[in-house]
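Take a look at the letters that make up each chain.
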Amino acid sequence: MGKKFTESKAFNIILAVLIALALWVYVTAIIGQVGSMTIRNVPITLVGEDVLNSKGLMIDASTKLTVNVGITGGRSALVAIASNSSEFITARLDVSEISEAGEYELPCKLGLENTLTSGVRLDGDSTQTIRVVVTKMLSKTIEVRGNFTGTVKDGYRTNTVEITPSTVRIQGPEALVNQIDYAQVAITGEELTKTVSGEMTFDMISSDGEVLKSNEISSNVNTVSVVLPVVKTLEIPLTVDYIYGGGITEENFARYVEPYVDIQPNTIQISGEESDITPLEGKSITLGKIDLADVVQENQTYTFPIVLASELSNDSGISEATVTISVKGLGTKTVETSNIEVINVPEGFTASAVTQSLQVQVRGPADALETVDGYQLRVVVDLEGETLRQAQFPFQPKIYLDGESTCGVVNGANGYIVVVNIQSQ
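Our subject in this report is the structure included herewith. These numbers were taken from a predicted model, which means no experiment stands behind them.

Of the regular secondary structure elements, the protein holds eight helices and 33 strands. Its C-alpha atoms give the protein a radius of gyration of 48 Å, clearly above 22 Å, the size a compact globule of 425 residues would have. For the protein, the C-alpha atoms occupy an extent of roughly 150 × 80 × 50 Å along the three principal directions. At a minimum sequence separation of 6, the contacts of the protein that also span at least 24 residues come to 75%. The average position of the 29 basic charges and that of the 52 acidic charges among the side chains of the protein differ by 16 Å.

Pairing in this open sheet of three strands is mixed, and the strands run 26-29-31 from one edge to the other. Only two strands of the sheet have a single neighbouring strand rather than two, namely strand 26 (340-343) and strand 31 (398-401). With strand direction ignored, the average angle separating the axes of adjacent strands in the sheet is 25 degrees. Here strand 26 runs beside strand 29 (residues 377-382); their pairing, made up of four bridges, is parallel. Bridging across to strand 29, V342 finds its partner in V381.

Taken in spatial order, the three strands line up as 27-33-30 in an open sheet, and their pairing is antiparallel. Bordering the open sheet on either side are strand 27 (349-353) and strand 30 (391-395), each of which pairs with just one other strand. Adjacent strand axes in the sheet meet at a mean angle of 30 degrees, parallel and antiparallel pairs treated alike.

Attention shifts here to helix 3 (residues 75-83). Owing to its 3.6 residues per turn, the α-helix aligns residues three or four sequence positions apart on the same side. Restricting attention to buried positions, one finds in helix 3 the residues A77, L78 and I81. Mapping the buried residues of helix 3 onto a view down its axis gives an arc of 100 degrees, with all of them on the same face. Exposed residues lying more than 90 degrees from the buried face of helix 3 are V79 and S83. Packed against the buried residues of helix 3 are strand 1 (34-43), strand 4 (66-74), helix 4 (85-88) and strand 5 (89-94).

Quick look at unusual backbone geometry now. Glycine aside, residues mostly have negative phi angles, and peptide bonds mostly take the trans form. Here the residue pair T164 and P165 is connected by a cis peptide bond, since its omega of -5 degrees sits within 30 degrees of zero. Structurally, P165 is set in the loop between strand 10 (162-164) and strand 11 (167-173). Cis rather than trans, the peptide bond between Q264 and P265 has omega equal to -5 degrees. Within the secondary structure layout, P265 lies in the loop between strand 19 (261-264) and strand 20 (267-272). Although it is not a glycine, E191 sits at a positive phi angle of roughly 55 degrees. Its place among the elements puts E191 in the loop between strand 12 (180-187) and strand 13 (196-200). Despite not being glycine, N299 shows a phi value in the positive range, around 55 degrees. Mapped onto the fold, N299 is located in the loop between strand 21 (285-291) and strand 22 (300-305).

What follows concerns the side chain of T135. Counting through the fold element by element, T135 comes out in strand 8 (residues 127-148). For T135, the residues in contact, after removing those within four places along its chain, are G56, L57, M58, D60, A101 and P173.

All right, on to the pairing of strand 20 then. With six bridges joining them, strand 18 (residues 230-243) and strand 20 adopt antiparallel strand pairing. From the neighbouring strand, T233 faces strand 20, where its bridge partner is S271.

Another point: the packing of aromatic side chains. Scanning the model with the defined rule gives four aromatic pairs in all. Geometrically, the ring pair formed by Y242 and F253 is tilted, given 4.7 Å between the ring centres and 45 degrees between the ring planes. Here Y242, found in strand 18, pairs with F253, found in helix 6 (residues 253-256); they are eleven residues apart in sequence, far enough to count as distant. Through pairs of rings, three or more aromatic residues link up here, namely Y242, Y244 and F253. The ring of Y182 is capped by R145, whose NZ or CZ atom sits 3.9 Å from the centre of that ring.

Moving on, we get to the pattern of salt bridges. Counted under the stated rule, the structure contains nine salt bridges. One salt bridge connects R157 with D315, and the closest N-O pair in it is separated by 2.6 Å. Of this pair, R157 sits in strand 9 (residues 156-158) while D315 sits in the loop between strand 23 (313-314) and strand 24 (320-325), placing them 158 residues apart in sequence. According to the relative accessible area criterion, D315 is partly exposed, its value standing at 26%.

Criteria and thresholds
Residues numbered from 1 in each chain as written. Predicted model: local features only at pLDDT ≥ 70, side-chain atom pairs only at ≥ 80, totals over all residues. Heavy atoms only, no water. Helix = DSSP H or I, 4+ residues; strand = E, 2+ residues; numbered from the N terminus. Rg over C-alpha atoms; globule rule 2.2 N^0.38 Å. Contact = heavy atoms within 4.5 Å. Lys, Arg positive; Asp, Glu negative; His and termini not counted. Charge placed at Lys NZ, Arg CZ, Asp CG, Glu CD. Pairing = 2+ DSSP bridges. Axes fitted to C-alpha atoms, helices over the stretch in contact; angles between N-to-C directions. Buried < 20%, exposed > 50% of the residue type's maximum accessible area, 1.4 Å probe, protein only. Arc of directions from axis to C-beta. Phe/Tyr/Trp six-rings, centres within 6.5 Å; stacked < 30°, edge-to-face > 60°. Lys NZ or Arg CZ within 6 Å of the ring centre and 35° of its normal. Salt bridge = Lys/Arg side-chain N within 4 Å of Asp/Glu carboxyl O.

Everything listed here is a matter of geometry and, on its own, says nothing about what the molecule does.
Okay, structure coming up:
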């Protein structure tokens, strides 16, 4: 038997043609239909806003800068327009003629663009009246401050935050700008041991300390460069070095001097990069040197500047330390000597001591002092490197005590002077 007609190729071709024809008729009917719709919240483009701003004025945020637009046309065009109204509908509002703050009723001109809008028309007038509120615009420069609300690890602290630029220029409605006192960068972090840095945003802070957020306020920059130094701290002792003399030796220092030394302050807090502080742990800062032969009074004081390496900071803020020192447990004896010599006289000159004897103070244990005599003392004036001319000059000599290791020469408050007569050859 032959195939049924409904199963034949010819039937399928005829059916396909009929379906296509029906779809064409349906689509043509739909597209050809004309309708109306309202496009809501079409954004208004301000014309002459730069002119308005140049007059120190701006549009207040209370002004609604959108408009509802009614249009009529083919349904397919209406659907396309509704999906992207800003591409097809224009709404322009000219504010260039406004010269002072206040409320205005201004015409907003509506229009249709793009070839798709052919056959589409606006419903009603091509202008709408828009209520516009204009306010005074104010610009001012404000400080940018950092606010660290985090924590640092024990043994560390923060230094003053560094912000670049340190000021920003803001502008906006006068009433709002006048409320702003400064800009603030919020910096956070927990148990910090390293410096924090980066580009960060900032908030506007009002005069009562509250964050003021408003889209009406703009600034010349949106971020600032922030560096929050985090440094390591250390409590470090202060010490002095000693030049042994005047009967004080390394062996007897702990007995006669050490208990009677007081340094104030005896420690300070310093800070710096971890790599600079860690090597100083367990060490001390040396203030300077004290010649023990110069210590002749009880509670004799010395003042030293506290000098740190440039990479360190003195957190204590104390710039000087006072050292009070006494020598106790030793006696003193004044010994006269005439053993005075002048050495290293420069070529072309002769020199002789005018001073024939000198009273020298010697310090040491009482029993040792009894045996000290003037012949053990040598008073030496060394002229090496001196610039001379024919005259008599006072010189400070070096005094040596021979043959007695437990006693030493005390320099005295004013030192010793030997007058020398210089003659040209």
